[in-house]
Amino acid sequence: SAVISQKPSRDICQRGTSLTIQCQVDSQVTMMFWYRQQPGQSLTLIATANQGSEATYESGFVIDKFPISRPNLTFSTLTVSNMSPEDSSIYLCSVEYYGYTFGSGTRLTVV
Amino acid sequence: GESVGLHLPTLSVQEGDNSIINCAYSNSASDYFIWYKQESGKGPQFIIDIRSNMDKRQGQRVTVLLNKTVKHLSLQIAATQPGDSAVYFCAENKSNAGGTSYGKLTFGQGTILTVHP
């Protein structure tokens, strides 16, 4: 399976600002996924990011709020834009490479 | 849309007991299922998986059972240890006609397992 490095591991941000989360994979992968895990809840898929094409967003998530970049087969970023306290969550990237692997997550607190 | 849910949100057991965590899924087209363990401050960690052409699969101290008739999945942990304390999630995936994955996983609600020494 792949090894994922995700950063930052945590951050505290002011409302109205934006945070970009980075996900680096040690293998070339076609699909990368971004999930949100709200406090005490399960994981919800935000979007699927394929290299060379625009990300595909799930219902309830829009590109203006969660822009995603996928410049190559080993890297992706998720930006949480114009943050509000409701965006406080853990954000996780995941890849499918001989199994589904997850990063350690970014714990975001918006104040 | 499709969803995967759990019967029990919390489970407390004594060290050495066997644990059973359940999951119900609603998408009969799902053909691949995974159990994850998530410890505090970490991402989900793969435990075991099973495809729909099987009804049982065993790993080290863990067994996954799949009942497609009632769309039910369970994870059995033998001789539960304090280190097994975590949140456990089931997840489902649906392959396309060619047998390759659609990629995205749908997660269940999660069960908090607490193991008392």
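Coordinates for the structure precede this section.
Calculation notes
- Residues numbered from 1 in each chain as written.
- Chains lettered and ligands numbered in written order.
- Predicted model: local features only at pLDDT ≥ 70, side-chain atom pairs only at ≥ 80, totals over all residues.
- Heavy atoms only, no water.
- Disulfide = S-S within 2.5 Å.
- Helix = DSSP H or I, 4+ residues; strand = E, 2+ residues; numbered from the N terminus.
- Buried < 20%, exposed > 50% of the residue type's maximum accessible area, 1.4 Å probe, protein only.
- Pairing = 2+ DSSP bridges.
- Phe/Tyr/Trp six-rings, centres within 6.5 Å; stacked < 30°, edge-to-face > 60°.
- Lys NZ or Arg CZ within 6 Å of the ring centre and 35° of its normal.
- Contact = heavy atoms within 4.5 Å.
- Polar contact = N/O pair within 3.5 Å; in protein donor to acceptor, adjacent residues only side chain to side chain.
- Axes fitted to C-alpha atoms, helices over the stretch in contact; angles between N-to-C directions.

A. Representation of the state of the cysteines in the model. Considering all chains together, one arrives at two disulfides over all chains under this definition. Paired by a disulfide, Cys23(A) and Cys93(A) hold their sulfur atoms 2.0 Å apart. Here the S-S torsion is close to 70 degrees, and the disulfide linking Cys23(A) with Cys93(A) is therefore right-handed. Here Cys93(A) lies in strand β9 (residues 89–96) and Cys23(A) lies in strand β3 (residues 19–25), a separation of 70 residues in the sequence. Residues Cys23(A) and Cys93(A) agree in their burial class; the two are buried. Disulfide pairing places Cys23(B) opposite Cys90(B) at an S-S distance of 1.9 Å. Handedness here is read from the sign of the S-S torsion; for Cys23(B) and Cys90(B), about 55 degrees, the answer is right-handed.

B. Spotlight on the pairing of strand β3 (residues 19–25) of chain B. Residues and elements named next belong to chain B. Across the seven residues of β3, five count as buried, placing the element largely inside the fold. Sheet topology places β3 next to strand β8 (residues 72–77); six bridges connect them, and they run antiparallel. Across the sheet, asparagine 22 pairs through a bridge with serine 74, a residue of β8.

C. The arrangement of unusual backbone geometry in detail. Note the cis peptide between Lys7(A) and Pro8(A), where omega equals 5 degrees. With respect to the secondary-structure elements, Pro8(A) resides in the loop between β1 (4–7) and β2 (10–13). Residues other than glycine seldom take positive phi values, yet Tyr98(A) does so here, at roughly 50 degrees. Relative to the helices and strands, Tyr98(A) resides in the loop between β9 and β10 (100–102). A positive phi is found at Lys71(B), a non-glycine position, where the angle reads about 55 degrees. Within the secondary structure, Lys71(B) sits in the loop between β7 (62–67) and β8.

D. Quick peek at the packing of aromatic side chains. The full count for this structure, using the stated rule, is 13 aromatic pairs over all chains. Consider the rings of Phe66(A) and Tyr91(A), whose centres lie 6.4 Å apart with planes at 45 degrees: the pair is tilted. Here the residue Phe66(A) occupies a position in the loop between β6 (56–57) and β7 (68–72), and Tyr91(A) occupies one in strand β9, the gap between them amounting to 25 residues. For the pair formed by Phe66(A) and Tyr91(A), the shared burial category is buried. Members of the aromatic cluster, each reached through a chain of ring pairs, are Tyr35(A), Phe102(A), Tyr36(B), Phe46(B), Phe89(B) and Phe107(B). Of note, Arg51(B) hangs over the ring of Tyr32(B), and the distance from its end group to the ring centre comes to 4.2 Å.

E. Structural context of the environment of Arg61(B). Residues and elements named next belong to chain B. As for its position among the elements, arginine 61 is in the loop between β6 (56–58) and β7. Taking the C-alpha atoms as reference points, arginine 61 and alanine 79, 18 residues apart in sequence, are found 7.4 Å from one another. When neighbours within four sequence positions are excluded, arginine 61 is seen to be in contact with Gln76, Ile77, Ala78, Ala79, Thr80, Gln81 and Asp84. At 2.9 Å, the side chain of arginine 61 forms a polar contact with the side chain of aspartate 84.

F. Focus on the sheet that holds β7(A). All names here are of chain A. Spatially, the four strands line up as an open sheet ordered β1-β3-β8-β7, and their pairing is antiparallel. On the outer flanks of this sheet lie β1 and β7, each paired with one strand and no other. Strand-to-strand twist across the sheet, computed as the mean angle between neighbouring axes with direction ignored, equals 15 degrees. Pairing geometry for β3 and strand β8 (residues 75–80), over six bridges, is antiparallel. Opposite cysteine 23, over in β8, you have serine 76 as the bridge partner.

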